[in-house]
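Below, each chain spelled out in residue letters.
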Amino acid sequence: MTKWWAILALAAAAVGGGALFCDAQKATPATPRAATAAAASPSPATATPTLRPEVLARYPHDTEAFTQGLLWRNGHLFESTGLYGESSLREVDLRTGTVVRRHDLPADLFGEGLAAVRDHLVQLTWKHGTALVWRTADFSVARQFAYEGEGWGLCFDGEHLVMSDGSDRLVFRDPDSFAVARTVHVTRDGAPVRALNELECVDGAVYANVWQTDEIVRIDPRTGRVEATIDAGGLLDAASRGHADVLNGIAFVPETGHFLITGKLWPWVFEVRWVPRR
Ligand SMILES: [Ca+2]
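Residues numbered from 1 in each chain as written. Predicted model: local features only at pLDDT ≥ 70, side-chain atom pairs only at ≥ 80, totals over all residues.

### Side note on the overall build of the protein chain
To be explicit about the condition: A helix here means a DSSP run of H or I that spans at least four residues, while a strand means a run of E at least two residues long, and both kinds are numbered starting from the N terminus. Exposure in this text rests on C-beta crowding, where 20 or more other C-beta atoms within 10 Å of a residue's own make it buried, 12 or fewer make it exposed, and counts in between make it partly exposed. The C-beta atoms are placed from the backbone. Note on contacts: residues are paired as contacts if their backbone-placed C-beta atoms lie within 7 Å.
Along the backbone of the protein chain there are three helices and 22 strands. Within the protein chain, the proportion of its 278 residues that are buried is 39%. For the protein chain, long-range pairs separated by at least 24 residues make up 51% of all intrachain contacts whose partners lie at least 6 apart in sequence.

### Points about the sheet that holds strand 17 (residues 205–210)
The pairing of strands in a sheet happens through backbone hydrogen bonds and is either parallel or antiparallel. To keep it simple, the criterion reads: Paired strands, in this sense, are two strands between which DSSP finds at least two bridges. To obtain an axis, a line is fitted to C-alpha atoms, over the contacting stretch when the element is a helix, and the angle between two such axes runs from 0 to 180 degrees between their N-to-C directions.
In space, the eight strands of this open sheet follow the order 16-17-18-19-1-22-21-20, with mixed pairing throughout. The sheet terminates laterally at strand 16 (196–202) and strand 20 (247–253), the two strands that pair on one side only. Ignoring strand direction, the axes of neighbouring strands in this sheet form an average angle of 30°.

### Topic: the nonpolar core
The nonpolar side chains of soluble globular proteins are, as a tendency, buried together. We count it as follows: Note on definitions: a nonpolar core is a set of buried residues drawn from Ala, Val, Leu, Ile, Met, Phe, Trp, Tyr and Cys, linked by C-beta atoms within 7 Å.
The biggest cluster of nonpolar side chains holds 64 residues, and the ones touching the most others in it are Leu 154, Val 206, Ala 208 and Ala 251. Once residues lying within four places of it in the same chain are set aside, the contact partners of Leu 154 are Gly 69, Gly 113, Leu 114, Ala 115, Val 122, Leu 124, Leu 161, Met 163 and Leu 199.

### Remarks on the confidence of the model for the protein chain
This is how it is decided: Confidence of the predictor at the level of single residues is given by pLDDT, which spans 0 to 100.
Taken over all residues, the pLDDT of the protein chain has a mean of 87, while the share at 70 or more is 83%. In the model, residues 1–44 has pLDDT below 50 throughout and makes 25 contacts with residues more than four positions away in sequence or in other chains.

### Examining the sheet that holds strand 5 (residues 99–104)
Spatially, the four strands line up as an open sheet ordered 2-3-4-5, and their pairing is antiparallel. Two strands in the sheet have a free side with no partner beyond their single neighbour: strand 2 (67–73) and strand 5. In this sheet, adjacent strand axes meet at a mean angle of 15° when their direction is disregarded. As defined by bridge partners, strand 4 (residues 88–92) adjoins strand 5 across five bridges and the pair is classed as antiparallel. Counterpart to Val 92 in the pairing with strand 5 is Val 99.

### Concerning the pairing of strand 11 (residues 161–164)
A regular strand places its side chains on the two faces of the sheet in alternate fashion. Side chains of strand 11 alternate between two faces, with Leu 161 and Met 163 and Val 162 and Ser 164 buried alike. Linking strand 10 (residues 154–156) to strand 11, which pair antiparallel, is a turn of four residues; within it Gly 158 sits at a positive phi near 100°. Bridge count for strand 11 against strand 12 (residues 169–173) is four bridges, and the pairing is antiparallel. Bridging across to strand 12, Met 163 finds its partner in Val 171. Remark: four residues form the turn of the hairpin made by strand 11 and strand 12, two consecutive strands paired antiparallel; Gly 166 in that turn has positive phi of roughly 90°.

### Considering unusual backbone geometry
Among all residues except glycine, the phi angle is most often negative; among peptide bonds, the trans geometry is most common. Residue Leu 83 is not a glycine yet carries a positive backbone phi of 80°. Residue position: Leu 83 is located in the loop between strand 3 (76–81) and strand 4. Of the residues examined, Leu 83 has 22 C-beta atoms within 10 Å and is grouped as buried. Positive phi is not limited to glycine here, since Asp 203 has a value of about 45°.

### Quick look at the environment of Met 163
Within the fold, Met 163 resides in strand 11. Taking C-alpha positions, Met 163 is 10.0 Å from Val 180, a pair spaced 17 residues apart along the chain.

### Let's talk about the pairing of strand 17
The element strand 17 is largely enclosed, with a buried count of five among its six residues. Relative to strand 17, strand 16 runs antiparallel, the two sharing five bridges. Paired with Leu 199 across the bridge in strand 17 is Ala 208. Hairpin connection, strand 17 to strand 18 (residues 215–219): the antiparallel pair is bridged by four residues, and Gln 212 has positive phi, about 70°.

See below:
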């Protein structure tokens, strides 16, 4: 009897330890302000231009939502959340932050990037190698894709799904087969930009959160070159920072031309437009 209890305890410790380790990988607190400021320091005139978000409005956001994907589609806001045992696909009322529809993922799936392809939503998982294809109408699973490596961000450019995996790569995939069509490496002023996270495809450009920073980069997907850096630091004041984690979540709203941005466990979704940094 003693042996059985020991084995069970060891197994529980192994599972729990694994989950904690994995969560720590993704739940590291935001980069200290000093480091962020250094990363966004003034650049030479010839370097990549820097923009900033001008806040037009802010809306409540579920501070229990570990945001990994954010998407606006036909007047509706969709969100993918992560963490083991807490991952979900959601439709959210932007104005109130109320979760209108929610489908929880199995406990062994860590939700990641989210993209809309026609009548479906495609949701990545972090290390499971599985992409879930949901019917937008009723949040039922239509099919699954399998892939190699990690899943981080996802967007659809009208032809291909664009996927990040935490490195400097963007992988372009066929939306019907998930087959890799091509890969591009992202650079800024000639240097690799790694830890590309949540994505948004907008008018021939790809926007990406850079994990553990307050930066969003606008990428030319043909060359991988960063055309502009957006310094989104300072959106959360001390009072609203709470247990907020890193910036992550970009959704473009074509009806207004504005962007919605948020972060993991953030209390707000900000409606913004990009303006030159003063
Ligand atoms: Ca997005």
